[in-house]
Amino acid sequence: MGDAPYFVTLDEALDICKKTTLKNSVDIVHLDNAHNRILAEDLPSLVDDPPFDNSAMDGFAMRHKDTLNPPTDLKIIGTIQASGDQENITVNQGEAVRIMTGAPMPEGADSILQVELTSCSGETLTISQESMPGYVRKKGENIRKGDIILLKGTVLTPSNISMAATMGYNMIPVFSKLVIGIIPTGNELRQPGEDLKPGEIYESNAYGISGLVKWLGHIPKRYDLVEDTMNRTRESLDRASEECDLIITSGGVSMGDWDLIRKIMEEEGDIHFWRIKLRPGSPPLFGKWKDTPIFGLPGNPVSSHVVFRMLVGPWIRNLTHSTNPSENKAFATLATTVKPSKDFLTLRRVKVESTDNELKAYQESHQGSGNIASMALSDALVILHPGKEYSIGDIVEIMYL
Ligand code: AMP
Ligand code: MG
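What comes next concerns the included structure. Note that the structure is predicted; figures quoted are calculated from it, not measured. (Residues numbered from 1 in each chain as written. Chains lettered and ligands numbered in written order. Predicted model: local features only at pLDDT ≥ 70, side-chain atom pairs only at ≥ 80, totals over all residues. Heavy atoms only, no water.)

**Overview of the site of ligand 1**
Working step 1: Around ligand 1, the surrounding shell holds 15 residues, and the nearest of these are Glu188, Glu203, Ser204, Gly252 and Gly299.
Working step 2: The separation between a nitrogen atom of ligand 1 and a polar main-chain atom of Ser204 is 3.0 Å.
Working step 3: One nitrogen or oxygen atom from the main chain of Asn205 is found 3.3 Å from a nitrogen atom belonging to ligand 1.
Working step 4: When ligand 1 is considered free in solution it has 490 Å² of accessible area, and contact with the protein chains removes 76% of it.
Working step 5: Of the residues belonging to the shell around ligand 1, the class tally is four nonpolar, eight polar and three charged. (Near = heavy atom within 4 Å. Polar contact = N/O pair within 3.5 Å; in protein donor to acceptor, adjacent residues only side chain to side chain. Areas by Shrake-Rupley, 256 points an atom, 1.4 Å probe, with all protein chains shown as cover. Nonpolar A, V, L, I, M, F, W, Y, C, P; charged D, E, K, R; others polar.)

Have a look at this one:
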């Protein structure tokens, strides 16, 4: 183990990981391909939004002061549609212009009355109430040219992509996706779809981790199962370090003689820490294999998932200055007892029910770290701090799965 820190808290682990960075390259992509990518620069708006004063309603544009004593008749002097080629119309006293939603306000008019509150006879418009200045959408009222709404690190959700388009961008700079190698280890593992021999189980972690990598917007590269020999382990790590930005292994990081990821990292790699005060998920290590950062995640499926959510994900998001999707957390009321631990940050799997005025969290499944069903059947992890007592009715923090 050398001098690498042993049994660190989650916060210490994250601080250690953050000292390792990756070179962020940038792709310029079309908006069509920007979904779920991470913005690599602040984007100042190229235009005002809206670019001109316009009507928020289908109806008529008029001078508000002409409408103070309804019912009133006004003279319709023209029509403006939501398009660029407008003749110049000026609204004078006693006049109104038919206008469509989004069309530019005519000179002289300062208010709108929606069509439902009017009646027409030839060129005469009868209005039954005062017109509405609030139905004029003012130039720049949403954003001004140069305003920065989308910051570096923003994950491009559908509304963010719409925002970029509104600001005049068709191509935007995003961080290149990381290629993340995922290596499952263990002699007992078989691929799902094959027949199991006595003593074998299906490999599931690499599939789950692959999904987590995609969820973060990066590219998983799933490697073949690695049997527990030093040579096979070394070959696989070498290959992944050539081909990937980051390596994630599963299994083989505990104390046992066959925990070869730990062993090979001790003997030939560079360990930055080993073991975390986290339950489930205490065995992981972080370090470098050759020049490639590596997370050795535990083999137990719940543990590997939890360590990814609590440590790997936050570190990757930190690398790309990513602001969302942050972990989706909330507060809930405990509806069953849950067991914290004295020294470990503990995560229990809970169902969450939304009632009229609160969220209720209750633990119903067996909490073994090998029991992936307990994740699949739960909605969230409840975060229990070390050394604290928790009772039914307490408000606790949850993190949605
Ligand atoms: P290990 O960390 O290698 O000692 O593995 C701990 C437990 O997790 C053992 O019961 C393994 O069989 C199981 N395990 C290890 N890797 C995987 C995997 N990729 N998928 C499912 N279970 C695994
Ligand atoms: Mg193993």
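**Side note on the nonpolar core**
Taken as a class, soluble globular proteins show a tendency for nonpolar side chains to be buried jointly.
Working step 1: Counting 39 residues, the largest nonpolar core has Ile248, Phe273, Leu278, Phe295, Leu311 and Trp315 as its most contacted members.
Working step 2: With ten residues, helix H6 (residues 301-319) is the single largest residue contributor to this core.
Working step 3: When near neighbours in sequence (up to four residues on either side) are disregarded, Phe273 contacts Ala4, Pro5, Val8, Ala13, Ile16, Cys17, Pro284, Leu285, Phe286 and Leu311.
Working step 4: Residues Met230, Ile261, Ile271 and Leu285 belong to the second largest nonpolar core, which totals 19 residues. (Core = buried A, V, L, I, M, F, W, Y, C linked by side-chain atoms within 4.5 Å. Buried < 20%, exposed > 50% of the residue type's maximum accessible area, 1.4 Å probe, protein only. Helix = DSSP H or I, 4+ residues; strand = E, 2+ residues; numbered from the N terminus. Contact = heavy atoms within 4.5 Å.)

**What about unusual backbone geometry?**
Working step 1: Cis geometry marks the peptide bond from Pro70 to Pro71, where omega comes out at -5°.
Working step 2: Of note, the amide linkage connecting Arg279 to Pro280 takes the cis form, showing an omega dihedral of -5°.
Working step 3: Of note, Pro280 is situated in the loop between strand E20 (278-279) and strand E21 (285-289).
Working step 4: Positive phi, normally seen in glycine, also occurs at Asn36, with a value near 65°.
Working step 5: You can see Asn36 is positioned in the loop between strand E2 (26-30) and strand E3 (43-44).
Working step 6: Residue Asn36 is classed as partly exposed on the basis of its relative accessible area of 26%.
Working step 7: For His321, which is not glycine, the phi torsion reads 55° and is therefore positive.
Working step 8: Within the secondary structure, His321 is located in the loop between H6 and strand E23 (329-334).

**Brief notes about the sheet that holds strand E10 (residues 124-127)**
Working step 1: Strand order in this open sheet of six strands is E8-E5-E7-E6-E10-E9, and the pairing throughout is mixed. The open sheet has two edge strands with one neighbour each: strand E8 (111-114) and strand E9 (118-121). Neighbour-to-neighbour, the strand axes of the sheet open up by a mean angle of 40°, direction not taken into account.
Working step 2: For strand E6 (residues 72-80) and strand E7 (residues 95-99), the ladder comprises four bridges, and the chain directions are parallel. Looking across to E7, one finds that Ile80 is bridged to Ile99. (Pairing = 2+ DSSP bridges. Axes fitted to C-alpha atoms, helices over the stretch in contact; angles between N-to-C directions.)

**A few points about helix H2 (residues 158-166)**
Working step 1: Three or more residues of H2 are buried, namely Asn160, Ile161, Met163 and Ala164. All buried residues of H2 project into a common sector of 155° when viewed along the axis, lining one side. Across from the buried face of H2, at angles greater than 90 degrees, the exposed residues are Pro158 and Ser159.
Working step 2: On its buried face, H2 sits against E3, strand E12 (148-150) and strand E13 (171-175).
Working step 3: At the C-terminal side of H2, Gly168 shows a positive phi close to 100°. (Arc of directions from axis to C-beta.)

**Considering the pattern of salt bridges**
Working step 1: Throughout the structure, instances matching the rule amount to 14 salt bridges.
Working step 2: Linking Asp343 and Lys342 is a salt bridge whose minimum nitrogen-to-oxygen distance equals 3.9 Å.
Working step 3: Beyond isolated ion pairs, a larger network of salt bridges with shared partners links Lys221, Arg239 and Glu243. (Salt bridge = Lys/Arg side-chain N within 4 Å of Asp/Glu carboxyl O.)

**What to know about the side chain of Thr320**
Working step 1: Relative to the helices and strands, Thr320 resides in the loop between H6 and E23.
Working step 2: The contacts of Thr320, once residues within four sequence positions are left out, are Asn24, Ile38, Gly153, Phe175 and His218.

**What to know about the sheet that holds strand E22 (residues 292-297)**
Working step 1: Strand order across the open sheet formed by seven strands is E1-E19-E21-E22-E18-E14-E17, with mixed pairing between neighbours. Of all the strands in the sheet, the pair left with one neighbour each is strand E1 (6-8) and strand E17 (219-222). Each strand of the sheet is rotated relative to its neighbour by a mean of 30°, with strand direction disregarded.
Working step 2: Alignment of E1 against strand E19 (residues 270-276), held across two bridges, turns out to be parallel. Each residue of the ladder has a partner; that of Tyr6, found in E19, is Trp274.
Working step 3: Packing against the sheet, helix H5 (residues 260-268) makes contact with strand E18 (246-250), E19, E21 and E22, and its axis sits at approximately 50° to E21.

**Topic: the packing of helix H1 (residues 10-18) against H6**
Working step 1: Running from N to C, H1 and H6 cross one another at 35°; their axes reach a closest spacing of 10 Å. The way H1 lies across H6 gives a crossing that is right-handed. Contact residues: Leu10, Ala13, Leu14, Cys17 and Lys18 in H1; Met310, Leu311, Pro314, Trp315 and Asn318 in H6.
Working step 2: When grouped by side-chain class, the residues that make up the contact of H1 with H6 number eight nonpolar, one polar and one charged. (Left-handed = near helix turned anticlockwise from the far one by under 90°.)

**A look at the packing of helix H4 (residues 230-243) against H5**
Working step 1: Running from N to C, H4 and H5 cross one another at 75°; their axes reach a closest spacing of 10 Å. Here H4 lies roughly perpendicular to H5, going by the angle between them. Along the contact surface, H4 presents Met230, Thr233, Arg234 and Leu237, while H5 presents Leu260, Ile261, Lys263, Ile264, Glu267 and Glu268.
Working step 2: Its residues placed into classes, the contact of H4 with H5 shows five nonpolar, one polar and four charged. (Parallel < 35°, antiparallel > 145°, perpendicular 65-115°, else oblique.)

Such coordinate-based values are descriptive only and should not be taken to indicate function.
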